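One letter stands for each residue in the lines below.
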Amino acid sequence: MTDAAAVGDRNGRAAPDDLYERLAVHVGQVAAAGGEGRDPVNEPMIRHWCEAMGHPVPADGSAPATMLQVWTMGGLSGHTAGTARAGAYDAVLTLLDEAGCTSVVATDCEQEYLRPLRPGDRITFDAVIESISPRKTTKLGTGHFVTTRMDVRANGELSGTHRFRILKYAPARTAPARTAPARTAQGQAAKAAPRRPRPVVNRDNAAYWEGLERHELLIQRCSGCGTLRLPWLPGCNACGSPDWDTVPAAGGGTVFSYVVMHHPPFPAFDPPYAVALVELAEGVRVLGNVTGVPYDKVRAGLPVTLEFLAVDDEFTLPVFRSVEAGED
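Nothing here was measured: the structure is a model prediction, and the numbers come from that model. (Residues numbered from 1 in each chain as written. Predicted model: local features only at pLDDT ≥ 70, side-chain atom pairs only at ≥ 80, totals over all residues. Heavy atoms only, no water.)

Enquirer: Looking at this structure, I do not really get the pattern of salt bridges. What am I missing?
Expert: Tallied over the entire structure, the rule returns 17 salt bridges. When the shortest N-O distance is used, the salt bridge between Arg195 and Glu314 registers 3.8 Å. Remark: Glu314 occurs in the loop between β14 (303–312) and β15 (315–322) and Arg195 occurs in the loop between α5 (185–189) and α6 (206–213); sequence separation between them is 119 residues. Residue class for Arg195 comes out exposed when judged on its relative accessible area of 52%. The class for Glu314 is exposed, based on a relative accessible area of 56%. Arg285 serves as the salt-bridge partner of Glu279, at 2.9 Å between the closest nitrogen and oxygen. Accessibility expressed as a relative area gives 26% for Glu279, which makes it partly exposed. (Salt bridge = Lys/Arg side-chain N within 4 Å of Asp/Glu carboxyl O. Helix = DSSP H or I, 4+ residues; strand = E, 2+ residues; numbered from the N terminus. Buried < 20%, exposed > 50% of the residue type's maximum accessible area, 1.4 Å probe, protein only.)

Here you go:
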């Protein structure tokens, strides 16, 4: 298959090597300048964030380190003072658009924490274009990774850095559809159902998915302080210990909150259906579909029991069945 970026050459776009040279001159230039947090670091936001994330409010009143980006985000209306994306960043995006790299996906971010943020701290920030990769080919398509680094200051003192990386790419081409041969009714019935999306399995959560295959919903338990946690994390968010073991969920729980999905449609799902945040008897919460009751009868406080759904030969999920009399 012809490289998408090379095809752009014949349409008057920059050749791949020339494009990278034109992009690279912007490395080190300002991406945004004069940023000001809309509000000082404050106790209500710390409390709300901790409640939403299930994180204990720090005893000293400081903001959890991973709230770093909270204080720099402008919301739907943007920042009210001083923040402007610099021309260099716009120039990079324009070059990539003109080269056919019109799609974008955020790939990852990295944060470094230098000092705690405390109520009353005034937040300012600036950003630079830290790096632009040579042309890369991924499953999504061919393009360039662009990394910006934001320096976050509290009362003028550097308190943390936030690196944000995107891939601007030309989408990979797909082979043209072939005319399918005529199918018999039996052949149509045997047609494979749409494949359900797979979870991201890594070294930090592989044992969780293996447990589901054995029909066990495993909850992490900190070896240091005994705190239970779900979903799984590499370390304890209560005491910081990296050591843990697991306990199987007993199976009982109640619907803590829920949402009924109507849109957008997806081939592997059949809307409308209810997705619930279930509070298990152990006190932790987990997402799952609710069964045994119509989607419009799901409610907060509904008692449920754990079951396991074999999506296919490779994939098992926890689901929750209503246990109220007459709901089936």
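Enquirer: How do you make sense of unusual backbone geometry when you look at a structure like this?
Expert: A cis amide bond links Leu230 to the next residue, Pro231, at an omega of 5°. Tracing the chain through its elements places Pro231 in the loop between β9 (228–229) and β10 (244–248). Its identity as a non-glycine residue notwithstanding, Asn155 has a phi of 55°, on the positive side. Phi is positive for His215, which is not a glycine, with a value near 60°. Mapped onto the elements, His215 comes out in the loop between α6 and β8 (218–222).

Enquirer: Can you walk me through the sheet that holds β8 in this structure?
Expert: What links the strands of a sheet is backbone hydrogen bonding, and the strands pair in either a parallel or an antiparallel sense. Reading across from one edge, β9-β8-β10 is the order of the three strands in this open sheet, with antiparallel pairing throughout. At either margin of the open sheet sits one strand with a lone partner, and together these are β9 and β10. Sheet topology note: the β8/β10 ladder contains five bridges and is antiparallel. Considered in β10, the bridge of Ile219 is made with Val247. (Pairing = 2+ DSSP bridges.)

Enquirer: Just to check I follow, could you spell out the sheet that holds β15 for this structure?
Expert: Ordered in space as β11-β12-β13-β15-β14, the five strands form a closed barrel in which the pairing is mixed. Neighbour-to-neighbour, the strand axes of this sheet turn through a mean angle of 45°, independent of strand direction. Here strand β12 (residues 273–280) runs beside strand β13 (residues 285–291); their pairing, made up of five bridges, is antiparallel. Looking at β13, one finds that Val275 is bridged to Asn289. Its contacts with the sheet place α6 against β13, β14 and β15, and it is angled at close to 65° to β15. (Axes fitted to C-alpha atoms, helices over the stretch in contact; angles between N-to-C directions. Contact = heavy atoms within 4.5 Å.)

Enquirer: For this particular structure, what's the right way to read α6?
Expert: An α-helix turns once per 3.6 residues; consequently, residues spaced three or four apart project the same way. Listing the buried residues of α6 in full gives Tyr208, Trp209, Gly211 and Leu212. Along α6, the residues classed as buried sweep out an arc of 155° about the axis, all on the same side. Looking at the packing, one finds that the buried side of α6 touches β8, β13, β14 and β15. The positive-phi residue at the C-terminal boundary of α6 is His215, with phi of around 60°. (Arc of directions from axis to C-beta.)

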